[in-house]
Amino acid sequence: MIGYYVHHQGRGHLHRAVCVARHLRGPVTGFSSLPRPDGWTGDWVLLPMDAGGADPGPGAAQAVDPTAGGRLHWVPRHHPGLRDRMGTVADWIARARPALFVSDVSVEVTLLARLMGVPVVAAAMRGDRSDPAHRLGYDVADALLAPWPAALPEPHWPRGWREKAVHTGAFSRYDGRPRVRTARADGAREVVVMLGAGGAGVDDVDFRLAAARTPGWSWTFLGGPDRPWVEDPWPVLCRADVVVTHGGQNAVAECAAARVPTVVVPQDRPHGEQRATGLALRAGRLATVRASWPAPEEWAGLLDGTARHGCADGWARWAPGDGAQRAADTLDRLAARAPRRQPA
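Since this is a predicted model, take the numbers as computed values, not measurements.

A. Representation of the pattern of salt bridges. Counting across every chain of the model gives 18 salt bridges. Here R16 ties to D104 by a salt bridge, and the two come within 3.0 Å at their closest N and O atoms. With a gap of 88 residues between them, R16 in helix 1 (residues 12–21) and D104 in strand 4 (residues 100–104) connect regions that are remote in the sequence. In this structure, R16 and D104 share a single accessibility class: buried.

Take a look at the structure:
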């Protein structure tokens, strides 16, 4: 049995977990504050939220010492959601006695499982992870799943992390799905803006100004401020001439799966995660990377250049197509090392 924790921020962690779980040979139980996703075949444990709604007592402030003196990321004192959340996971571990636990991502869940004697695999993320909490979580993990190619590593990782990293290459829910390109009836080239559910940093004014300065281009928006969420953007990605997206792991992986020329505008995220991804993409010459949202007058040349020299074929180096299978093989191998469970 494998336990698999999924963080509730955005949708990338959830999509990644579903991709990996479908390739696992043994049973898996998911844990998250998100609802059970379509395509999840194992058990799913819905966890209480650990933010908001704290009631530590009369006169006490909420979110007291949430970082435990800077050693962890989120452990506010006397928070009922945190207590129940961790208790639920701990109770399951005590009953199920899993062979392995996967944390994507929570340093606290990583430590909880390891403190209960369970080997842990942590989903690694780019950016500066030298803070005490990340160092502790990555140090105690038995393996680090790194969903990017070994040829474009994180440059400042210590030796111990590099030695236990499993570079699977990027993967997404669209790996293996046929790419069908359809031309627009009006002959216009199409730019697709995909900003996801994790916060955009731009607004509708930016979109309208860019569209006004790019004659011959039709703009389509998938998510972002004041735009509806699109659950399955695959057909739109496949027909796009250029995609504009942020630097999140999942968004970049989906563009790579579609083999579409891409402009990546990394957004501000903790630990500089998206900017680190942008640096790797630029180093590999896989996408056009801009540090900030371009000015309106830049867009025409930017789109033309990206469509012409977008290195869409190079995306295979970033996302070879079997990353989820590689991740699952790693988990199966580590789980197989556990001693055979004895009757209670």
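Okay, back to it.
B. Highlighting the packing of aromatic side chains. Evaluation of the coordinates by the stated rule reveals 15 aromatic pairs. Ring plane angle 75° and centroid distance 4.9 Å describe the contact between F31 and W92, whose orientation is recorded as edge-to-face. Here F31, found in strand 2 (residues 28–32), pairs with W92, found in helix 2 (residues 80–96); they are 61 residues apart in sequence, far enough to count as distant. The pair F31 / W92 is uniform in exposure class, with both members buried. Here a set of aromatic residues connected by ring pairs shows up, and it is made of F207, W219, F221, W293 and W299.

C. Representation of the environment of R269 in the model. Within the fold, R269 resides in the loop between strand 11 (262–264) and helix 9 (273–283). Among the residues examined, R269 registers a relative accessible area of 25% and is labelled partly exposed. Between the C-alpha atoms of R269 and G127, which are 142 residues apart in sequence, the distance is 9.3 Å. At a separation of 2.8 Å, a polar atom in the side chain of R269 contacts the side chain of Q267.

D. Main features of the side chain of S32. On the secondary structure map, S32 appears in strand 2. With relative accessibility at 0%, the residue S32 sits in the buried group. In terms of polar contacts, S32 uses its side chain to reach the backbone amide nitrogen of L34, at 3.0 Å. Among residues more than four places away in sequence, those in contact with S32 are V6, H7, W44, V45, L46 and L47.

E. Quick look at the sheet that holds strand 6 (residues 143–146). Strand order in the open sheet formed by seven strands is 3-2-1-4-5-6-7, and the pairing between neighbours is parallel. Each of the sheet's edge strands pairs with one partner strand only, and the pair in question is strand 3 (43–46) and strand 7 (165–167). Strand after strand, the sheet turns through a mean of 20° between neighbouring axes, direction not considered. Here strand 6 pairs with strand 7 via three bridges, running parallel. Across the sheet, residue L144 finds its bridge partner in strand 7, namely A165. Where helix 1 meets the sheet, its contacts fall on strand 1 (2–6), strand 2, strand 3 and strand 4, and the angle it forms with strand 1 comes to roughly 160°.

F. Expanded view of helix 1. Most of helix 1 sits inside the fold, with 10 of its 10 residues counted as buried. Of all the positions in helix 1, only G12, H13, L14, H15, R16, A17, V18, C19, V20 and A21 are classed as buried.

G. Looking closely at the side chain of N250. Considering the arrangement of structural elements, one finds N250 in helix 8 (residues 249–258). A polar contact of 3.3 Å, which involves the side chain of N250, links it to the side chain of H15. Sequence-distant contacts of N250, that is, excluding residues within four places in its chain, are made with G12 and H15.

H. Quick look at the packing of helix 3 (residues 107–115) against helix 4 (residues 132–140). Contact pair helix 3 / helix 4: the axes reach a minimum separation of 9 Å and the direction vectors enclose 40°. It follows that helix 3 is oblique to helix 4 by the angle criterion. Like other packed secondary-structure pairs, helix 3 and helix 4 cross with a definite hand, here left-handed. Touching V107, T110, L111 and R114 of helix 3 are A133, H134, L136, G137 and V140, all from helix 4. Partitioning the contact of helix 3 with helix 4 into residue classes produces five nonpolar, three polar and one charged.

Rules behind the numbers
- Just so you know, the residues in each chain are numbered from 1, in the order the chain's sequence is written.
- Only residues with pLDDT of at least 70 get local features here, since the model is predicted, and only at 80 or more are side-chain atom pairs given and counted; chain-wide, interface and lining totals rely on the full set of residues.
- Working from all heavy atoms in the structure, the side-chain values ignore hydrogens and water.
- Throughout this description, the term salt bridge denotes a Lys or Arg side-chain nitrogen within 4 Å of a carboxyl oxygen of Asp or Glu.
- Here a strand is any run of E in DSSP of at least two residues, a helix any run of H or I of at least four, and the numbering for each starts at the N terminus.
- For the exposure calls, accessible area comes from a 1.4 Å probe over protein chains only, and a residue counts as buried if that area is under 20% of its type's maximum, exposed if over 50%, partly exposed in between.
- Stacked, edge-to-face and tilted labels apply to pairs of Phe, Tyr and Trp rings (six-membered ring for Trp) whose centres lie within 6.5 Å, assigned for plane angles under 30 degrees, over 60, and everything in between, in that order.
- Identification of polar contacts relies on pairs of N or O atoms within 3.5 Å, with a donor-acceptor requirement for protein atoms, meaning one able to donate a hydrogen and the other able to accept it, and with residues adjacent in sequence counted only if both atoms are side-chain atoms.
- Any two residues whose heavy atoms approach within 4.5 Å are treated as being in contact.
- The pairing criterion for strands is at least two bridges between them, as found by DSSP.
- Axis definition: a line fitted to C-alpha atoms, over the contacting stretch in the case of helices. Angles run 0 to 180 degrees between N-to-C directions.
- Throughout this description, any angle smaller than 35 degrees is read as roughly parallel, any larger than 145 degrees as roughly antiparallel, any in the 65 to 115 degree range as roughly perpendicular, and the remainder as oblique.
- What makes a crossing left-handed is the near helix being turned counterclockwise from the far one by less than a right angle; a clockwise turn instead makes it right-handed.
- As a working rule, the residues Ala, Val, Leu, Ile, Met, Phe, Trp, Tyr, Cys and Pro are called nonpolar, Asp, Glu, Lys and Arg charged, and the rest polar, with Gly in that last group.

Keep in mind these numbers describe shape, not what the thing actually does.
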